[in-house]
Protein chains: 2
Amino acid sequence: MKIGIIGGRGHWGTVLQSLPQVPGAVIAGISEATDQLRSLTGNPPEFSDYREMLERIRPDIVCVDGWFHQHAEMCLEAIKRDIAVYCEKPIALTLPELAAIRQALQEHPVPLISITPLRYEPAFATARQLVAEGAIGKVKLVRSQKSYKLGQRADFYRRRETYGGTIPWVGSHGIDLLMLFGADKFLSVTAMHDCSDNFGLGEMEITAQCIFRCAGGILASTSLDFLRPAAAPTHGDDRVRVAGTSGVIEVIAGEITLINAEGEQKITPQPVNGAIFSDFALGKSRISTEETLTLTEACLLARESADSGQTKYFPAAQE
Amino acid sequence: MKIGIIGGRGHWGTVLQSLPQVPGAVIAGISEATDQLRSLTGNPPEFSDYREMLERIRPDIVCVDGWFHQHAEMCLEAIKRDIAVYCEKPIALTLPELAAIRQALQEHPVPLISITPLRYEPAFATARQLVAEGAIGKVKLVRSQKSYKLGQRADFYRRRETYGGTIPWVGSHGIDLLMLFGADKFLSVTAMHDCSDNFGLGEMEITAQCIFRCAGGILASTSLDFLRPAAAPTHGDDRVRVAGTSGVIEVIAGEITLINAEGEQKITPQPVNGAIFSDFALGKSRISTEETLTLTEACLLARESADSGQTKYFPAAQE
């Protein structure tokens, strides 16, 4: 199995993490390479134009991790060559780009997912399993949080055109958690974001809040910020809290707390079988192509809501 | 100082908690009394019509804690007699009622607050003091949570007309926390609430999410639910998380966590001087009349947003 990699800006490293679990898989070509990408992949054939790489190598899977605003174009170039796509999130920065990808997938139905590795974090995966087993009854409220350290940001984060916005970039993870816990049939979204006091980072939003109305009377929200202090013990403060008709489950700092009829208890996260890349390559991804498309749509509609100050409705919304 | 009490449905007990701290204060009359109200107040003169109590006793302060949908009328009857009002929140269930109270206060400028005792909880008060001292820099994001056990609810909770809705009833506390931590100049609000799977409680909403855009580029949100399991260790799971330009402070389960340039640390909550009723009676309330009016307006506009699916803008909004 031949793997191509375009760019090294985000989660491409997840390919290497589980490559050994995919029999016969090799990195057959790279493009838009960084020094790190070259060295960690053992200096495979390198191409200055990623299209040439797709043509010459004809990879079975391409990992798209180039400039954010070129993700959609790169996905399209792969799809039309019937190459499976493992793409840094979000797969598109605009709704027309997303529509083009959806259209291309109808003509060339290849597997495509964006890289949302929180589904493979033991605490989230274990909590999800408990919810699926009925530990909290019927899910009614899902809230997630992503709080990041700002750190040093490259110049392209300063411009919406090249960054895409904090809701698509960070919200992809926050909204993926909502979907993981059952808030996956979105009806409407209202969001707010703000770029004041953003440490000189131009158009980059430093905070965002998004609330979703979902089918089944489920309300969901995600909170995003880049205000985690540099001295905090970890880079990110990822959380989820899910309230159902017979219990509440929560993940904070990798710890699971479950409250239900038996009272409050800590749950030990269980090891996760598989990994995001190898599962994708082996045809048993925990994330479907349709979920990736829904996630991307949710991000982009939320950003549109925040930009316009208006609630946005999902075209496919059906209660 | 003569105190009158109307009804015993909510936080009237806070009067007794700090009555001894108000020199010369006595419960001079009660109306719409419950057995508990009678016995704990030592069976003062009782009136079947609260207006008669106001006329005959002429209390200096009246505690309004009757039927929720009569709060506004009771406030108005007191205001027009120049009696200070200490009222169960919310002080009104509709915007026209709130406007009438605002108007009456212009003609009779008596002190009036709603009972929002979280400001006097040691953890919230201590965290607030730290924020005021600059422990997290400039506030950019404030999030609060109120999660309650549902328990047994009287019939009047089943109807919007008599209950008012979960956003005013529970959100009064959640939004008060937002205001306490600097999100107090509201520009717009979008909210969602839901009454499906509400254990047969009619129109009572079991979940709600509200997000606010505030002056100064502050985003704020409150999450409300009645899904805390009966077996949980406490009745309520009250929280706040405040992120600023140089730190994050959080209160969960009465514990304060502060992260800033010095890393992460637990802060010991300090004892609070004063109490909500005695401070009000002694003219040194931590909550102003104007804040109570703003809080009530925020609750009612949030509920309107949730009902209509539209963002609501605050009339006085000025960036």
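Residues numbered from 1 in each chain as written. Chains lettered and ligands numbered in written order. Predicted model: local features only at pLDDT ≥ 70, side-chain atom pairs only at ≥ 80, totals over all residues. Heavy atoms only, no water.

### Let's talk about the pattern of salt bridges
All names here are of chain A. To be explicit about the condition: A pair is scored as a salt bridge if a Lys or Arg side-chain nitrogen falls within 4 Å of a carboxyl oxygen belonging to Asp or Glu. Summary of the burial criterion: residues with accessible area below 20% of their type's maximum are buried, those above 50% are exposed, and those between are partly exposed, where the area comes from a 1.4 Å probe applied to protein chains only.
By the definition in use, this model includes 54 salt bridges over all chains. Across the salt bridge formed by glutamate 88 and lysine 89, the nearest N and O atoms sit 3.6 Å from each other. With a relative accessible area of 0%, glutamate 88 lands in the buried category. For aspartate 155, the salt bridge identified is with arginine 158, shortest N-O distance 3.0 Å. Taking relative accessible area as the criterion, aspartate 155 reaches 56% and is therefore assigned exposed. Owing to a relative accessible area of 33%, arginine 158 belongs among the partly exposed residues under this scheme.

### What to know about the sheet that holds strand β3 (residues 46–47) of chain B
Residue and element names in this part refer to chain B. Convention followed: What makes two strands pair is DSSP finding at least two bridges between them. In DSSP terms, a helix is any run of H or I states spanning at least four residues, a strand is any run of E spanning at least two, and both are numbered starting from the N terminus. The contact criterion used is simple: two residues touch if any of their non-hydrogen atoms lie within 4.5 Å. Comment: axis = line fitted to C-alpha atoms, over the contacting stretch for helices; angle = value between 0 and 180 degrees taken between N-to-C directions.
On the basis of which strands lie adjacent, the open sheet formed by six strands has the order β3-β2-β1-β4-β5-β6 and parallel pairing. If you trace the sheet from one side to the other, it starts and ends with β3 and β6 (112–114), each paired once. In this sheet, strand β4 (residues 61–64) lies alongside strand β1 (residues 2–6) in parallel orientation, the contact comprising four bridges. Within β4, the position partnered with isoleucine 5 by the bridge is cysteine 63. On top of the sheet, helix α3 (residues 50–57) reaches β1, β2 (26–31), β3 and β4; it is set at about 150 degrees to β2, its chief contact.

### Notes on the packing of α3 of chain B against helix α4 (residues 71–79) of chain B
All names here are of chain B. Formally: Any angle from 65 to 115 degrees is called roughly perpendicular, while one under 35 is roughly parallel, one over 145 is roughly antiparallel, and all others are oblique. In this scheme the handedness of a crossing depends on how the near helix is turned from the far one: anticlockwise by less than a right angle means left-handed, clockwise means right-handed. Throughout, the ten residues Ala, Val, Leu, Ile, Met, Phe, Trp, Tyr, Cys and Pro are labelled nonpolar, Asp, Glu, Lys and Arg are labelled charged, and all others, Gly among them, are labelled polar.
Packing of α3 against α4 leaves a shortest axis separation of 10 Å and a crossing angle of 20 degrees. The orientation of α3 relative to α4 falls into the category roughly parallel. In this structure, the crossing between α3 and α4 has a hand that is right-handed. Note on element contacts: α4 touches α3 through Glu73, Met74, Glu77 and Ala78, opposite Tyr50, Arg51 and Leu54. For the contact of α3 with α4, a count of residues per class yields four nonpolar, no polar and three charged.

### What about the interface of chain B and chain A?
The test is simple: The quantity reported as buried area is the accessible area (1.4 Å probe) lost by two parts once they are put together, taken as the sum for both. Identification of polar contacts relies on pairs of N or O atoms within 3.5 Å, with a donor-acceptor requirement for protein atoms, meaning one able to donate a hydrogen and the other able to accept it, and with residues adjacent in sequence counted only if both atoms are side-chain atoms.
At the interface, 52 residues of chain B touch 52 residues of chain A. When the two sides are added together, the surface that chain B and chain A hide from each other amounts to roughly 4000 Å², 56% of it contributed by carbon and sulfur. Summed over the three residues of chain B that lose the most area to chain A, namely Met192, Gln209 and Ile211 of chain B, the buried surface amounts to 16% of that side. Inspection of the chain B/chain A interface yields 10 salt bridges. One salt bridge in this structure joins arginine 241 of chain A and aspartate 225 of chain B, with 3.2 Å as the shortest N-O distance. At the boundary of chain B and chain A, one finds 22 residue pairs in polar contact (both at pLDDT 80 or more). At the level of secondary structure, the elements contributing two or more residues to the side of chain B that touches chain A comprise β7 (139–149), β8 (186–194), β9 (207–214), β10 (218–228), β11 (239–244), β12 (247–252), β13 (255–260) and β14 (263–267) of chain B. Here the side of chain B that touches chain A gets seven residues from one element, more than from any other, and that element is β10 of chain B. Here the side of chain B that touches chain A is built from residues that sort into 20 nonpolar, 20 polar and 12 charged.

Bear in mind that shape data such as this cannot, by itself, settle questions of function.
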